[in-house]
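# Observations on chain architecture
In case you want the letters, here they are:
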Amino acid sequence: MTPMRGEITSYADEFAVRVAPHNPYRHRIEVAIRVYDEKFRPIRARVSDSRIGLAGGATRRVLVIVPFEGTRNRRVRICAESIPYPKATTRIRAQICGRFMARRVQ
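### What about the sheet that holds strand β7 (residues 73-83)?
Taken in spatial order, the 5 strands make up an open sheet running β1-β8-β7-β3-β5, and their pairing is mixed. If you trace the sheet from one side to the other, it starts and ends with β1 (5-10) and β5 (51-54), each paired once. Each neighbouring strand pair of the sheet contributes to a mean axis angle of 25°, computed without reference to strand direction. Across 9 bridges, β7 lies against strand β8 (residues 95-104) in antiparallel orientation. When the bridges of β8 are listed, E81 appears paired with Q95.

Quick look at the structure:
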């Protein structure tokens, strides 16, 4: 997934990050985009296409909008998590996360 980290400055009550999950395999995979705080607790965020399918070698851009929720600084982790297929013999769930720090300017 790119980018893996970033610093964002926002003038609004929320900030946006565009990430691009990539499928390094030759076969199709399902991916869920999830947002966590710095301690990996789930947080409220809007994700365009929170669950996507990626063809082998494909990359897809996803927009994530996170509210500041009354704070001036916010650290979040945006993760791409693989979703195992129901009939697959292996049930491995991979997770790769990027770390982002946002600052609200008033």
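So that's the structure; there's more coming.
### Quick look at the packing of aromatic side chains
Tallied over the full model, the rule gives 2 aromatic pairs. On the basis of an interplanar angle of 55° and a centroid distance of 5.1 Å, the ring pair of F15 and F68 is categorised as tilted. Of the two residues, F15 is situated in strand β2 (residues 14-19) and F68 in the loop between β6 (62-67) and β7; the sequence distance between them amounts to 53 residues. Both residues of the pair, F15 and F68, count as buried. Considering the side-chain rings of Y36 and F40, the 5.9 Å spacing of their centres and the 50° angle between planes classify their relative orientation as tilted.

The rules behind the values
- Residues numbered from 1 in each chain as written.
- Predicted model: local features only at pLDDT ≥ 70, side-chain atom pairs only at ≥ 80, totals over all residues.
- Heavy atoms only, no water.
- Pairing = 2+ DSSP bridges.
- Helix = DSSP H or I, 4+ residues; strand = E, 2+ residues; numbered from the N terminus.
- Axes fitted to C-alpha atoms, helices over the stretch in contact; angles between N-to-C directions.
- Phe/Tyr/Trp six-rings, centres within 6.5 Å; stacked < 30°, edge-to-face > 60°.
- Buried < 20%, exposed > 50% of the residue type's maximum accessible area, 1.4 Å probe, protein only.

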